[in-house]
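# Structural features, examined
Chain by chain, the residues run as shown.
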Amino acid sequence: MGTQCLGFDTSNYTTSAAVFGGGTAENRGRLLTVPEGALGLRQSDALFQHVKRLHLMVEQLRSEGAVGQIAAVGASARPREAEGSYMPCFLVGEGEGRALAAAVGVPFYPCSHQQGHVAAAAWSAGREDLLDKPHLAWHLSGGTTELLRVEPEGHTVRAEVIGGTSDISAGQLVDRAGLLLGLPFPAGKALDGLYPEADGAGFFRVKLNGLTFSLSGMENKVKELAEKGEKPANVARFTIDTIMDVLLRATREAQGKWPGLPVLCSGGVASNRQIRASLEQACGAVFAQPQYATDNALGVAILAHRALERGIPG
């Protein structure tokens, strides 16, 4: 099993812990419990659930024999690597990570949730080399739809937002469509499952302003379809195809501005089969494996391992 790095991620959707030892990786995560009919949690509720559950993820890893000698601990400490980026729920992973590292006497390496997503996506796609070269990346999650220009920075990456939504995220549109259809939250998998059953509804061509676009108006269009009695599969297909079309156009536009840069996709929305197939075929995009597309701690552990390999002090 050898020397490993332990990573924590306590996002607003998932509690997760992971170990990474170079070639081997294990992640254990659990979605936060959201009341029926709700579209998320207050930060105080999310934080409370993380406090109760994070140790369970570590205990599960150890009980399965996945934990060896821990050489470093990492945690996502903020949503993104930007001034003022803050979300209380990340305090749980950071606090427990710092305490564990101090108790064991190993370095602690904080990173951002977004940096963790990029690292997990690159590694799981078999493209860890992307962490050491410039590339474009989509972060497509329940709360984020950002197109990034990524450059290596030390053991991790620096991500500049160059496009994406100006209001609600693609994941929020998916979840709100799911709520209208009576689907469980988060609704991504359920909408993906309905998609093949569709026989109509088309999609809406969202206006692209440079590399930025708005999805807030699409919520009303989805609501109109549902209220008119359109079959759920058609509503699902309209939602997904609308998102897929604007992501595709924005990606092509970015590739025109930065020719030759690879495109990496991460986040729960990136696990949608239709979106993945479209961007792979049209733009040559590479995707995180589905189990590492959603919120997870693997990328955090990978970045801690990279820092340790490079002798960066914790």
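Scroll up to find the structure.
Described in the following lines is the structure provided in the data block.

## Describing the sheet that holds strand β1 (residues 3–10)
Neighbouring strands of a sheet are bound in pairs by backbone hydrogen bonds; such pairs are parallel or else antiparallel. Here five strands make up an open sheet; going across it, the order is β3-β2-β1-β4-β5 and the pairing mixed. Looking at which strands have only one partner, the edges of the open sheet turn out to be β3 (25–31) and β5 (108–112). Between one strand axis and the next, the sheet turns through 20° on average, direction left out of account. Where β1 meets strand β2 (residues 14–20), six bridges bridge the pair, whose relative direction is antiparallel. In the strand pairing of β2, F8 is matched with A17. Along the sheet, helix α2 (residues 90–104) makes contact with β1, β4 (69–78) and β5, crossing β4 at roughly 155°. Where helix α10 (residues 298–309) meets the sheet, it contacts β1, β2, β3, β4 and β5, and its direction lies at approximately 135° from that of β1.

## Description of the nonpolar core
Judged by nonpolar contacts, the single largest core of 44 residues is most densely connected at W138, F213, L215, C265, I275 and L279. When residues of this core are assigned to their parent elements, the largest contribution, twelve residues, is made by helix α7 (residues 232–257). Not counting chain neighbours up to four residues away, the residues in contact with L279 comprise L247, L248, T251, C265, G284, A285 and F287. Among the nonpolar cores identified, the runner-up in size contains 26 residues, and F20, A121, L148 and A297 belong to it.

## Focus on empty space enclosed by the protein
If you walk through the whole model with that rule in mind, you get one cavity of 30 Å³ or more. Counted as a void, the largest cavity has a volume near 30 Å³. For the largest cavity, the full set of lining residues is N12, Y13, L31, L32, V34, F185 and P186. Residue composition of the lining of the largest cavity, by class: six nonpolar, one polar and no charged.

## Overview of the packing of helix α6 (residues 216–227) against α7
At a minimum axis distance of 10 Å, the contact between α6 and α7 shows a crossing angle of 160°. Relative to α7, the element α6 lies roughly antiparallel. Two packed elements cross with a definite hand, and for α6 against α7 that hand is right-handed. Counted together, M218, K221, V222, L225 and A226 of α6 and V235, F238, T239 and T242 of α7 form the full contact between these two elements. Residue composition of the contact of α6 with α7, by class: six nonpolar, two polar and one charged.

## Some remarks on α7
Spanning 26 residues, α7 covers 38 Å between terminal C-alpha atoms, matching the ideal 38 Å at 1.5 Å per step. Among the 26 residues in α7, 19 count as buried, and that is most of the element.

## Some points on the side chain of S124
With respect to the element layout, S124 can be found in helix α3 (residues 113–124). Taking the relative accessible area as the measure of exposure, S124 reaches 6% and is therefore buried. Reaching out from S124, the side chain makes a polar contact with the backbone oxygen of A121 at a distance of 3.4 Å. Setting aside residues up to four positions removed in sequence, S124 forms contacts with A288, Q289 and Y292.

## As for the layout of surface pockets
Approximately 820 Å³ is the volume found for the largest pocket. Residue lining of the largest pocket: 27 residues in total, with P186, K189, G268, S271 and T294 positioned closest to the centre. Broken down by secondary-structure element, the contributors of at least two residues to the lining of the largest pocket are β3, α4 (170–180), α5 (188–194), α7 and α9 (290–293). Tallied by class, the residues present in the lining of the largest pocket amount to ten nonpolar, twelve polar and five charged. Along its surface, the second largest pocket is lined by 27 residues, and Y13, M87, G142, G143 and T144 are the ones closest to its centre. Secondary structure elements with two or more residues in the lining of the second largest pocket: α3, β7 (145–153) and α4. It is α4 that contributes the most residues to the lining of the second largest pocket, three residues altogether. For the lining of the second largest pocket, the per-class residue count stands at seven nonpolar, 14 polar and six charged.

## Brief notes about the pairing of β7
On a regular strand, each side chain points to the face opposite its neighbour's, so the side chains alternate between the two faces of the sheet. As paired elements, strand β6 (residues 135–140) and β7 share six bridges and run antiparallel to each other. Bridge pairing in β7 links H139 to E146. In this antiparallel pair of consecutive strands, β6 and β7, the connection spans four residues. Across eight bridges, β7 lies against strand β8 (residues 156–165) in antiparallel orientation. Across the sheet, the residue bridging to L148 is V161, located in β8. Linking β7 to β8, which pair antiparallel, is a turn of two residues; within it G154 sits at a positive phi near 65°.

## A closer look at the packing of aromatic side chains
Taken as a whole, this structure holds four aromatic pairs when the rule is applied. The interplanar angle of 55° and the centroid separation of 6.5 Å between the aromatic rings of W138 and F213 together place this pair among those described as tilted. Placement of the pair is W138 in strand β6 and F213 in strand β10 (residues 212–213), with a sequence separation of 75 residues. F213 sits in the buried class, given a relative accessible area of 2%. Put simply, the rings of F20, W123 and Y292 touch in pairs and so form one group of aromatic residues.

Each value, and the rule that gives it
- Residues numbered from 1 in each chain as written.
- Predicted model: local features only at pLDDT ≥ 70, side-chain atom pairs only at ≥ 80, totals over all residues.
- Heavy atoms only, no water.
- Pairing = 2+ DSSP bridges.
- Helix = DSSP H or I, 4+ residues; strand = E, 2+ residues; numbered from the N terminus.
- Axes fitted to C-alpha atoms, helices over the stretch in contact; angles between N-to-C directions.
- Contact = heavy atoms within 4.5 Å.
- Core = buried A, V, L, I, M, F, W, Y, C linked by side-chain atoms within 4.5 Å.
- Buried < 20%, exposed > 50% of the residue type's maximum accessible area, 1.4 Å probe, protein only.
- 1 Å grid on protein atoms, 1.4 Å probe; cavity = no way out; pocket = protein on both sides within 12 Å on 5 of 7 lines; lining within 4 Å.
- Points joined across faces, edges and corners; volume = space filled by probe spheres on them.
- Nonpolar A, V, L, I, M, F, W, Y, C, P; charged D, E, K, R; others polar.
- Parallel < 35°, antiparallel > 145°, perpendicular 65-115°, else oblique.
- Left-handed = near helix turned anticlockwise from the far one by under 90°.
- Expected span 1.5 Å × (residues − 1).
- Polar contact = N/O pair within 3.5 Å; in protein donor to acceptor, adjacent residues only side chain to side chain.
- Phe/Tyr/Trp six-rings, centres within 6.5 Å; stacked < 30°, edge-to-face > 60°.

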